[in-house]
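Breakdown of the fold
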Amino acid sequence: MILKEDLQAAVEGQRKSLSKIKGLTQREALAKFSPTSTHIEVITGVRRSGKSTLMRQIIEETTTDFAFLNFEDPRIFDFEIGDFPKLDGLFGEEVSIYFFDEIQNVKGWEVFVRQLHDRGRKVFITGSNASLLSSELGTKLTGRHLSHEILPFSYTEFLAYCNLENSNENFLDYLISGGFPEYLRDRNPEVLQNLLKDIVFRDIAIRHGIKNTQTLMEITLFLIANVGKTTSFNSLRKTFNVGSPSTVSDYLAWLQDSYLLFFLPKFSWSQKSISKNAKKVYCVDTGFAKANSLSFSKDSGRLLENLVYLILRKKRMDLFYFKEKGECDFVAFESKQCKWLIQVTERVHADNKKGELDGLTEAMSFFEKKEGFILTLDQEDKLIIEGKTIHLVSVRGFIENFLSGDS
Ligand SMILES: Nc1ncnc2c1ncn2[C@@H]1O[C@H](COP(=O)(O)OP(=O)(O)OP(=O)(O)O)[C@@H](O)[C@H]1O
């Protein structure tokens, strides 16, 4: 249990520090919050991607009285479920909007949030661990919440933050730098290397009591170096000499929970095959991947593919890769309809043209689509092959012309 004075000091101290931050880059995600929604809004995403800052931006737009508490404050380290009534009393009855940062640190948090919601209050919560939040959201708060996943800055946000024009050169800069604000501030790769250590050692290893942290880190680094490639529990188990496949599958699940890595399934009409087949791995940020692996110094094609994955993920589409005789990088479904078939390569040239086209046209026949895309760094062209139209578009052009809203 916590002393009322300590709680009060934390609440007041945090409220004061809220007003100090000026000149923030407007996040695209802000547009997704409807002022009339009565749902609990859940903001999740990788560490340092800007979740708390987004909450601050929402607070700035709030006209009514609000309550705010960041549960990672060391002053309230021993806050427990029984302290919620005390907190409620401190905030008072006038408050109609509540903002809670990293509330999942308090066991049983969902009971308090549900009470607030039942009393007609609006609640925003953030968290950087998918399963800690989702298990409670899935049981006690079902149907009462909306989830918003925050990624590091998009290309448009990057341009705004760095005060740059939209150009090919700046797009390339974004591709290799990514969108973590703290890295973009002075471009020191140590920021991204330390972030990796924080997530792996602090958020995953300590939380799950992993003793063999070296293997966990080696697997993480291996996956980062292999974005865009397929990976399976068994091959990782053999490569890293790990006793059981379930240990590897736990590691991958925890890495995914931390939003650091994402695993893209192979398309199949059978749900069982989707979960069984080898998945492709992608990283939450291309700059982060580059800062933590030497494998991208000559291969920005895989970074570009990673970036397209992130762009499509933001659209909340159901994503797969396609592999039969040939391969197509992305199959994107919207409302159960195949919307886009996308191949990604830095540049189409004589040596890779056949492979890229064969995989894409095979996928187009499979999904009965007349149009497909090859996304490149800077090529723009249109090919018509046996009645099928293939758009060669730069990723920048794709963002501008085919994605509405965020990028
Ligand atoms: N929109 C923004 N404009 C300018 N700087 C930003 C913006 N969003 C985040 N930042 C900066 O990035 C850093 C991380 O932001 P923030 O603390 O909001 O991330 P977070 O996702 O809440 O992190 P954690 O999960 O570790 O609590 C901070 O230094 C913050 O000032």
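Residues numbered from 1 in each chain as written. Predicted model: local features only at pLDDT ≥ 70, side-chain atom pairs only at ≥ 80, totals over all residues. Heavy atoms only, no water.

**What to know about the sheet that holds strand β7 (residues 261–264)**
Strand pairing in a sheet relies on backbone hydrogen bonds. The paired strands run either parallel or antiparallel. Heads up, the rule is: At least two DSSP bridges between two strands are required for those strands to pair. A run of DSSP states H or I qualifies as a helix once it reaches four residues; a run of E qualifies as a strand once it reaches two. Both are numbered from the N-terminal end.
If you walk across this open sheet you meet the three strands as β6-β8-β7, and the pairing is antiparallel. Every other strand in the sheet has two partners, leaving β6 (230–231) and β7 as the edge strands with one partner each. The pairing of β7 with strand β8 (residues 279–283) spans four bridges and is antiparallel. Looking at the pairing, F263 lines up with V281 of β8.

**Some remarks on a negative patch on the surface**
The test is simple: Within the patch definition used here, like charges are joined within 9 Å and nonpolar side chains (Val, Leu, Ile, Met, Phe, Trp, Tyr) within 5 Å, considering only residues with over 30% relative accessible area and no salt bridge. Surface accessibility in these figures is a Shrake-Rupley result with a 1.4 Å probe; residues are shielded only by whichever protein chains are displayed. Take a side-chain nitrogen of Lys or Arg and a carboxyl oxygen of Asp or Glu: if they are within 4 Å of each other, that pair is a salt bridge. A residue counts as positive if it is Lys or Arg and as negative if it is Asp or Glu; His and the chain ends are not included. To locate a charge, take NZ of a lysine, CZ of an arginine, CG of an aspartate or CD of a glutamate. Relative accessibility thresholds used throughout: buried, under 20% of the residue-type maximum; exposed, over 50%; partly exposed, between the two (1.4 Å probe, protein chains only).
Taken together, the side chains of E5, D6, D78 and E80 make up a negatively charged region of the molecular surface. Given a relative accessible area of 42%, D78 falls into the partly exposed group.

**Digging into the site of the ligand**
Worth spelling out the cut-off: Whether a residue is near a molecule or strand is decided by its heavy atoms; if any one of them lies within 4 Å of it, the residue is near. Think of a polar contact as two N or O atoms within 3.5 Å of one another; within protein, one of them needs to be a possible hydrogen donor and the other a possible acceptor, and neighboring residues in sequence only count if both atoms come from side chains. Throughout, the ten residues Ala, Val, Leu, Ile, Met, Phe, Trp, Tyr, Cys and Pro are labelled nonpolar, Asp, Glu, Lys and Arg are labelled charged, and all others, Gly among them, are labelled polar. Segmentation into domains, and thus their bounds, comes from an automatic or database assignment.
Inspection of the region around the ligand gives 18 residues, with T25, K51, S52, T53 and R185 positioned closest. Measuring from an oxygen atom of the ligand, one finds a backbone N or O atom of G50 at 3.0 Å. One of the side-chain N or O atoms of S52 is found 2.5 Å from an oxygen atom in the ligand. If the ligand stood free it would expose 620 Å²; the protein chains cover 88% of that surface. Taken together, the elements giving at least two residues each to the shell around the ligand come down to α2 (51–60) and α8 (181–186). Among the elements that take part in the shell around the ligand, α2 stands out by supplying four residues, more than any other. Partitioned by chemical class, the residues of the shell around the ligand number five nonpolar, six polar and seven charged. Looking at which domains feed residues into the shell around the ligand, each of domain 1 (4–150) and domain 2 (155–402) gives three or more.

**Some words on the pattern of salt bridges**
Applying the stated criterion to the full structure yields 21 salt bridges. One salt bridge in this structure joins D329 and K280, with 3.8 Å as the shortest N-O distance. Pair noted here: D329 is in strand β10 (residues 327–334) and K280 is in strand β8, with a separation of 49 residues, a long-range link. As far as the burial class goes, D329 and K280 line up, both buried. Put simply, D358 and K354 hold a salt bridge, and the shortest N to O gap is 2.5 Å. Of this pair, D358 and K354 both sit in helix α16 (residues 353–366), four residues apart, roughly one helical turn. In this structure D358 comes out as partly exposed when scored by relative accessible area, which is 36%. Shared partners join several salt bridges into a network, and the residues in it are R47, E72, R202 and D203.

**Points about the sheet that holds strand β3 (residues 97–101)**
The cut-off we apply is this: Axis geometry follows a simple rule: fit a line to the C-alpha atoms, using only the stretch in contact for helices, then measure angles between N-to-C directions, giving values from 0 to 180 degrees.
Across the sheet, which stays open at both edges, the five strands sit in the order β2-β3-β4-β1-β5 with parallel pairing between neighbours. Looking at which strands have only one partner, the edges of the open sheet turn out to be β2 (66–70) and β5 (145–150). Put simply, the sheet's adjacent strands are angled 15° from each other on average, direction ignored. Examined bridge by bridge, β2 and β3 share five bridges and lie parallel to one another. When the sheet's bridge partners are listed, L69 is paired in β3 with F100.

**Here's the deal with the packing of helix α10 (residues 213–225) against helix α12 (residues 245–257)**
Note the following rule: The handedness criterion is simple: a crossing whose near helix is rotated anticlockwise from the far helix by less than a right angle is left-handed, and one whose near helix is rotated clockwise is right-handed. It only takes one pair of heavy atoms within 4.5 Å for two residues to be counted as in contact.
Running from amino to carboxyl end, α10 crosses α12 at an angle of 65°, the nearest separation of the two axes being 11 Å. As α10 packs across α12, the resulting crossing turns out to be right-handed. Across the interface between the two elements, L216, I219, T220 and L223 of α10 pack against Y251, L252 and L255 of α12. Considered class by class, the residues forming the contact of α10 with α12 number six nonpolar, one polar and no charged.

**Overview of the UniProt feature "domain: DUF4143" (unreviewed entry) in the chain**
What counts, and what does not: UniProt positions are given in the numbering used here, feature names are shortened, and annotations may be inferred rather than shown by experiment.
UniProt's entry tags residues 202–344 with the feature "domain: DUF4143" (unreviewed entry), counted in the numbering of this structure. Secondary structure across residues 202–344 divides into 47% helix and 23% strand, with the first and last C-alpha atoms of the span separated by 35 Å.

**What to know about the pairing of β3**
What counts is decided by this rule: Whether a crossover is right-handed comes down to one check: with the strands pointing away from the viewer, does the path from the first strand over the helix to the second run clockwise; if it does, it is right-handed.
Among the five residues of β3, five are classified as buried, and the element is accordingly described as predominantly covered. Across the two faces of β3 the burial is the same, with I97, F99 and D101 and Y98 and F100 all buried. Each parallel crossover has a hand, and the one from β2 via helix α3 (residues 84–91) to β3 is right-handed. Alignment of β3 against strand β4 (residues 122–127), held across four bridges, turns out to be parallel. Bridge pairing links I97 to K122 in β4. Handedness of the crossover joining β3 and β4 through helix α4 (residues 109–118) is recorded here as right-handed.

**Considering unusual backbone geometry**
Phi is positive for E102, which is not a glycine, with a value near 50°. Along the chain, E102 turns up in the loop between β3 and α4. E102 gets classed as buried once you look at its relative accessible area, which sits at 5%. Despite not being glycine, E386 has its phi angle at roughly 45°, a positive value.

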